[in-house]
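Structural overview for review
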Amino acid sequence: MNKSDRVIVVGAGPVGLCLSLALAQEGVAVTLVESLGDDNFLEQVPRAGTNHPATLEMFDRIGLYEKIEPRGIIAPVFHYWDRHENALIAAFDHIHLKDDTRFPYVLQCERIKIVEEALKMAKAHPLIDLRLRTTFTAFEQDADGVTAHLTNPAGEDEVIKGRYIVSGEGARSIIRKDLGIDFEGFTYPDRTLNIEVAYDFRKHGYAERNYISDPDEWSNLFHWKGPPDRWRVHFPTASEEDPEALQRPEALQARLQGFLPKAGDYEIVGSNLYTVHQRVATRFRSGRAILAGDSAHVNSPIGAMGMNSGVHDAFNLADKLVKILRKEVGDEVLDRYERQRRHVAVQHTQAETIRNKRVLAEKDPAVRKKNHDQLRRISEDPKLARAFLLRTSLFESLREAEQIA
Ligand SMILES: Cc1cc2nc3c(=O)[nH]c(=O)nc-3n(C[C@H](O)[C@H](O)[C@H](O)COP(=O)(O)OP(=O)(O)OC[C@H]3O[C@@H](n4cnc5c(N)ncnc54)[C@H](O)[C@@H]3O)c2cc1C
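Cut-offs applied
Here the residue index of a chain counts from 1 through its sequence in written order. The predicted nature of this model means local features are confined to residues of pLDDT at least 70 and side-chain atom pairs, given and counted, to a pLDDT of 80 or more, with totals for whole chains, interfaces and linings taken over all residues. Here the side-chain values reflect all heavy atoms present in the structure, with hydrogen atoms and water set aside. In this text, near means that some heavy atom of the residue lies within 4 Å of the molecule or strand in question. Any N or O atom pair separated by 3.5 Å or less is treated as a polar contact, with the protein-specific requirement of one donor-capable and one acceptor-capable atom, and with residues adjacent in sequence counted only for side-chain atom pairs. Note on areas: these come from Shrake-Rupley sampling with a 1.4 Å probe, and a residue is covered only by the protein chains present in the view. Only DSSP runs of H or I covering at least 4 residues are called helices, and only runs of E covering at least 2 are called strands; the numbering of each starts at the N terminus. All residues other than Ala, Val, Leu, Ile, Met, Phe, Trp, Tyr, Cys, Pro, Asp, Glu, Lys and Arg, Gly among them, are scored as polar; the first ten of these are nonpolar and the last four charged. Note on pairing: DSSP must find at least two bridges between two strands before they are called paired. Between N-to-C directions, angles span 0 to 180 degrees; the directions come from axes that are lines fitted to C-alpha atoms, helices contributing only their stretch in contact. Note on angle classes: values under 35 degrees are labelled roughly parallel, values over 145 roughly antiparallel, values of 65 to 115 roughly perpendicular, and the remainder oblique. Whether two residues touch is decided by their heavy atoms; if any such pair falls within 4.5 Å, the residues are in contact. Burial here depends on accessible area, computed with a 1.4 Å probe over protein chains only, as a share of the maximum for the residue type. Under 20% is buried, over 50% is exposed, and the range in between is partly exposed. Each helix should span, by expectation, one fewer than its residue count multiplied by 1.5 Å. Directions drawn from the helix axis to the C-beta atoms are what define this arc. Remark: nonpolar core denotes a set of buried residues (Ala, Val, Leu, Ile, Met, Phe, Trp, Tyr, Cys) joined through side-chain atoms within 4.5 Å. Aromatic contacts are taken between Phe, Tyr and Trp rings whose centres are within 6.5 Å, Trp giving its six-membered ring; a plane angle under 30 degrees counts as stacked, one over 60 as edge-to-face, and the others as tilted. By the criterion adopted, a ring carries a charge over it if an Arg CZ or a Lys NZ lies within 6 Å of its centre and within 35 degrees of its normal.

In the neighbourhood of the ligand, 31 residues make up the surrounding shell, with Glu34, Arg111, Asp294, Met307 and Asn308 lying closest. Separating an oxygen atom of the ligand from a backbone N or O atom of Pro14 is a distance of 3.4 Å. The separation between an oxygen atom of the ligand and a polar main-chain atom of Gly49 is 3.1 Å. If the ligand stood free it would expose 1,000 Å²; the protein chains cover 89% of that surface. Put simply, the parts of the chain that give the shell around the ligand at least two residues each are α1 (14–24), β9 (135–141) and α8 (306–325). Considering every element that reaches the shell around the ligand, the biggest residue donor is α8, with three residues. When its residues are assigned to classes, the shell around the ligand shows 14 nonpolar, twelve polar and five charged.

So this is what it looks like as structure tokens:
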């Protein structure tokens, strides 16, 4: 393949890195541009941590799975709890997917560990020209290719050329804005409080992942890493609440004690507040510029779909770019990428994450009962449980996308 056929990938997040590795391993030259450097790459705020089976298959395809498995927690089961009644509603075991995947479990492994391992692989690959501490600022395109403008580590302007440019820049994508593509959707007025705590919640019957419904204070409880054990608890907050007051040690302690009273203080490791957006770009492609991951869609973390579906974008796109650059297909297949992945973003990721939050926060007792009865019934019927897990683990979205011409 000709060197001038290189793909410029902006952003070494999970999406940009997976895309770069998948392309390079098929012989496509990549320039991967990342504004963070070796000195601060690992200082990113904690975000994704749950990796679904379909994503594990993709990580395995590029040799990433074997690097992250020893750093993660294998979690086959997740729970729905009713905090109001202090009762387990339903337990879902990925073992129902044993005939669908080699990975009938999720891997709890933080985004930062995934990008750390993937970055090492990118550094070692001869076809990946990795530009750390380099910021992408603008681009132009014509019939033959793209020109990207960068600010290099010396602070100088630099111009590079390639055949295609992919935005793996995350939600604030310059490429999306430059293309004038709308980011349709909404932002929840309330922010989510994330508390990281050193405590083993399993001794109270919780699984590694727990979705907890409550009319007053829904929450999510996840085993994040360990040993030593680190768990994350998410709580809703009111939009008018002062961020500083919310995160005072005594306020965090009171939240956790309200959630699960125990003797003595919780050992709180950290906390942060985040705003939740539900948005999808109106287009994923304009000419030679393509959006993937958070630059194309963002959603609430309830259900763990943001990074997972972004990684699925990356692999779908890599397969198409490889064939285009080998001249096996025309670049109209990129429109199919948009049709497939936009469908998934709207009909699966958005729909599912919005529904997840609604179910957890539902206030009407009759609707709550109906929701909980339904979850219980599904979890107790192996056929229904398998269908449910195929949806939550994103296999259904991939199978549906395959049907889109
Ligand atoms: C609290 C929380 C929990 C979450 N939990 C989950 C979960 O369990 N599972 C899940 O699937 N998802 C989860 N998500 C969502 C997930 O973190 C994101 O969907 C995912 O990180 C998106 O990956 P990305 O590669 O598209 O973008 P990002 O991870 O945002 O990476 C973008 C990269 O681009 C770089 N960059 C940006 N602009 C430029 C520029 N101009 N020049 C050069 N480089 C640039 C950035 O430095 C960064 O490295 C969670 C999110 C939050 C907030």
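Right, let's get into the sheet that holds strand β11 (residues 157–162). Pairing in this open sheet of three strands is antiparallel, and the strands run β9-β10-β11 from one edge to the other. For this open sheet the edge positions go to β9 and β11, each flanked by a neighbour on one side alone. Taken over all neighbouring pairs, the strand axes of this sheet differ in orientation by 25° on average, direction set aside. Sheet topology places β9 next to strand β10 (residues 146–151); six bridges connect them, and they run antiparallel. The residue bridging Phe139 from the neighbouring strand is Ala148, located in β10.

Before going further, it helps to spend a moment on the packing of α8 against helix α9 (residues 333–361). Packing of α8 against α9 leaves a shortest axis separation of 10 Å and a crossing angle of 170°. It follows from the interaxial angle that α8 and α9 lie roughly antiparallel. Facing α8, whose interface residues are Ser309, His312, Asp313, Asn316, Leu317, Lys320, Leu321 and Ile324, α9 presents Val333, Leu334, Arg336, Tyr337, Gln340, Arg341 and Thr349. Class assignment for the residues of the contact of α8 with α9 results in six nonpolar, five polar and four charged.

On to the side chain of Thr353. In this fold, Thr353 is placed in helix α9. Judged by relative accessible area, which is 0%, Thr353 ranks as buried. Of note is the side chain of Thr353, whose polar atom sits 3.3 Å from the backbone oxygen of Gln350. The contacts of Thr353, once residues within four sequence positions are left out, are Gln278, Asn299, Ser300, Ile302, Met305 and His348.

It is worth spelling out helix α10 (residues 365–380) at this point. Under the 1.5 Å per step criterion, the end-to-end length of α10 is 22 Å for 16 residues, consistent within 8% with the ideal 22 Å. Taken together, the buried positions of α10 are occupied by Arg368, Asn371, His372, Leu375, Ile378 and Ser379. All buried residues of α10 fall inside an arc of 125° around its axis, so they share one side. With respect to the buried face of α10, the exposed residues turned more than 90 degrees away are Ala366, Lys369, Lys370, Arg377 and Glu380. Along its buried surface, α10 packs onto β5 (77–82), β6 (87–93), β14 (209–213), α9 and α11 (382–392). The backbone nitrogen of Ala366 has a side-chain oxygen 2.8 Å away, supplied by the residue at the start of α10, namely Asp364.

Now for the pairing of β14. Burial of β14 is extensive: five of the five residues sit out of reach of the surface. Burial along β14 is two-sided: the face carrying Arg209, Tyr211 and Ser213 and the face carrying Asn210 and Ile212 are both buried. One ladder, built from five bridges, connects β5 with β14; its direction is parallel. Paired with Phe78 across the two strands is Arg209, which belongs to β14. The hairpin formed by β14 and strand β15 (residues 219–225) contains five residues between the paired strands.

Our focus in this paragraph is the nonpolar core. Membership of the largest hydrophobic core comes to 72 residues, with the highest contact counts inside it found for Ile165 and Leu321. With sequence-adjacent residues up to four places away left out, Leu321 is seen in contact with Val7, Leu23, Tyr164, Val166, Ile290 and Leu334.

A separate point is the packing of aromatic side chains. Under the defined criterion, the tally for this structure stands at 21 aromatic pairs. With centroids separated by 6.0 Å and ring planes inclined at 75°, the aromatic side chains of Phe235 and Phe259 adopt a geometry described as edge-to-face. Of this pair, Phe235 sits in strand β16 (residues 230–236) while Phe259 sits in helix α7 (residues 249–259), and the two are 24 residues apart along the sequence. The two residues Phe235 and Phe259 agree in class, both being buried. Taken together, Trp81, Tyr199, Phe201, Tyr206, Trp231, Phe235, Phe259 and Tyr266 form an aromatic cluster joined through their ring pairs. Directly above the ring of Tyr266 sits Lys262, whose terminal nitrogen or CZ lies 4.9 Å from the centroid. Positioned over the ring face of Tyr188 is Lys357, at 3.7 Å from the centre of the ring.

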